[in-house]
Amino acid sequence: MAAKDLSGSGVLYTDRRNFYIDPQVVKELWTDVTPFTTVIANKETRTVPDPIFKMFEHRQPWVEQIFYATAAVTTAAGALSAAQGIDDGAGGVVLKGLPSTGADASMLGLICEVWAGSDYSAKTGTPKGTVLISTIESTSSIKVRNIGNSSITGANNDVYVVTGNAHGEGGYSPEAWADELKVVYNSCQIFKNPLEITGTLLQASLRGESSELARLRMQKSQEHKIHKERAFLFGRRNGGTGLGESAYADGLIGADVDETFADDGVAGATYDGSHTGTAGSGAGKVRTTFGILPAILKYGASSGDNQNYFTASEASYTYSQFVDDCEKIFQYVPTSGVKKAFVGAGALGYWSKMAGNSGFAGNNGWSVNLGDMKRDALGFNYRTLETPHGMLQMIPTPALRGPWSKSMLIVDDDNLFHSQYRSPMYQTNIKTDNAFDGVKDQYMSDEGIGITNINSHSLLKITA
């Protein structure tokens, strides 16, 4: 009789042979999946007094103080001009960085450069001359004195740029003006991720993971975290955030309006026992947090000096565009000179190709400097992209998938925080009616994010 060997079938194959290298170890496809939440929570977590909360923000008015001419007025050297109509460049009286109700006595004594509108917008040419605001005719009309040695030929849409102020000897103090703080808002969102097993399964001795309860706890913990990560990135809030500000509009994506602060949640859903949800019906108001990406798309600018939404064509992005975009991204300079950039796999791949001097960039003789992969103290990987204006710490972010894969979100730590209404908790044994033979637990948190000064955050999307 032939010797018995390992290839036998029956019980030898089905029950006696042990095919598991390490029967108590399971390899997970995803590990650290929430770098965005990790970063903002470690930077700053604020306990808020109400599930909807307000914040103050302020944009310094002196950054850019300008107004526009509404008619052509020529002023001889040293002469006082005729009455000069002015506005905000769009027919309104909100003068950028100046009194918001139109011209008033506080503008007397301001020194202004006069620029042709086309030169100012294109950042080319030289100013036509310099003037002193001498008379306030009305909220939309002034007279200026030419303080140069040559005549100024004015034109409709000339831009007056404030360069300082000067006052006469023995004169009085000028009138004062002041702006006000702006209020913005957001909501915390209730997250719940339950798990449930029977008492019999809880007691079972298993391979793979010895305890199914422990395995589900780990799985649901990660699901809870990724749901928060996606909400903080992609969430929308019914009622908006108040981040829109028409006085600073310059090519926004979506409506540029201030919403009214209100507890504008939506109706909840209840379970009707047939595995379908029934809207409303006593489930309570559902509040949601407004994520950073929709906030940039709704309230940000796609052009102009305040631009914070950029696109880079894989087929034609140039070094000149790269430098110009980075200039705007870093115009609000962080104290460290480094900004964090959360990137999808497609965006990281794009910049890696650039660093390798391949594709369109390589064919046109330019590349970028991209550091080696390193690990942050918080436990996530990153690579550093050098730009002419600062350093970008690029952090691969698994939640940026699908249509967001080729996106790069650059945030300003000082204008973004993690809000928490109730501390996260793991609620155990929450199902006890009728001596339920099993265990039902739940991860629960009531959290959101706070966003201020939307133009300090940027989004760059790689396009085909």
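Scope of this entry: the structure provided in the associated data block.

Conventions adopted
- Residues numbered from 1 in each chain as written.
- Predicted model: local features only at pLDDT ≥ 70, side-chain atom pairs only at ≥ 80, totals over all residues.
- Heavy atoms only, no water.
- Helix = DSSP H or I, 4+ residues; strand = E, 2+ residues; numbered from the N terminus.
- Buried < 20%, exposed > 50% of the residue type's maximum accessible area, 1.4 Å probe, protein only.
- Contact = heavy atoms within 4.5 Å.
- Pairing = 2+ DSSP bridges.
- Axes fitted to C-alpha atoms, helices over the stretch in contact; angles between N-to-C directions.
- Salt bridge = Lys/Arg side-chain N within 4 Å of Asp/Glu carboxyl O.
- 1 Å grid on protein atoms, 1.4 Å probe; cavity = no way out; pocket = protein on both sides within 12 Å on 5 of 7 lines; lining within 4 Å.
- Points joined across faces, edges and corners; volume = space filled by probe spheres on them.
- Nonpolar A, V, L, I, M, F, W, Y, C, P; charged D, E, K, R; others polar.
- Core = buried A, V, L, I, M, F, W, Y, C linked by side-chain atoms within 4.5 Å.

**Some remarks on the overall build of the protein chain**
In terms of regular secondary structure, the protein chain is built from nine helices and 26 strands. Going through the 464 residues of the protein chain one by one, you find that 42% of them count as buried. Pairs at least 24 apart in sequence give 73% of the contacts found in the protein chain among residues at least 6 apart.

**Topic: the sheet that holds strand S7 (residues 129-138)**
Read once around its circumference, the closed barrel built from six strands follows the order S3-S5-S8-S7-S6-S10, with strand pairing classed as antiparallel. Strand-to-strand twist in this sheet, taken as the mean axis angle between neighbours without regard to direction, amounts to 50°. Pairing of strand S6 (residues 110-115) with strand S10 (residues 159-165) involves six bridges; the strand directions are antiparallel. Bridge pairing in S10 links Ile111 to Gly164.

**Considerations on helix H6 (residues 292-299)**
Structural remark: α-helix, 3.6 residues per turn; residues separated by three or four positions point the same way. In terms of residue burial, H6 counts as a mostly covered element, since seven of its eight residues are buried. Among the residues of H6, Ile292, Leu293, Pro294, Ala295, Ile296, Lys298 and Tyr299 are the ones counted as buried.

**Concerning the pattern of salt bridges**
Where charged atoms from two side chains of opposite charge approach closely, those side chains can pair. In this structure the tally under the stated criterion is 16 salt bridges. We note a salt bridge from Lys96 to Glu64, for which the minimum N-O separation is 3.2 Å. Of this pair, Lys96 sits in the loop between strand S5 (84-87) and S6 while Glu64 sits in the loop between strand S2 (52-57) and strand S3 (66-69); the two residues are 32 residues apart in sequence, bridging distant segments of the chain. By relative accessible area, Lys96 is classed as partly exposed at 21%. Between Asp158 and Lys128 there is a salt bridge whose closest N-O contact spans 3.0 Å. Remark: Lys128 occurs in the loop between helix H3 (117-122) and S7 and Asp158 occurs in the loop between strand S9 (152-153) and S10; sequence separation between them is 30 residues. For Asp158, a relative accessible area of 2% gives the class buried. Residue classification places Lys128 among the partly exposed positions, given a relative accessible area of 28%.

**Some thoughts on empty space enclosed by the protein**
Applying the stated criterion to the full structure yields three cavities of 30 Å³ or more. In this structure, the largest cavity spans a volume of roughly 70 Å³. Taken together, Val73, Thr75, Ser81, Gln84, Val114, Val131, Val144, Ile152, Gly154, Asp158 and Tyr160 make up the full set of residues lining the largest cavity. Its residues placed into classes, the lining of the largest cavity shows six nonpolar, four polar and one charged.

**Some points on the nonpolar core**
The biggest cluster of nonpolar side chains holds 37 residues, and the ones touching the most others in it are Phe36, Ile292 and Leu409. Listing elements by their share of this core, those giving two or more residues are helix H2 (35-43), S2, helix H5 (212-234), H6, strand S23 (407-411), strand S24 (416-427) and strand S25 (438-451). Among the elements that make up this core, the one with the highest residue count is H6 (five residues). Membership of the second largest hydrophobic core comes to 23 residues, among which are Ala341, Leu370, Leu392 and Met408.

Remember that the coordinates give geometry; whether it matters functionally is a separate question.
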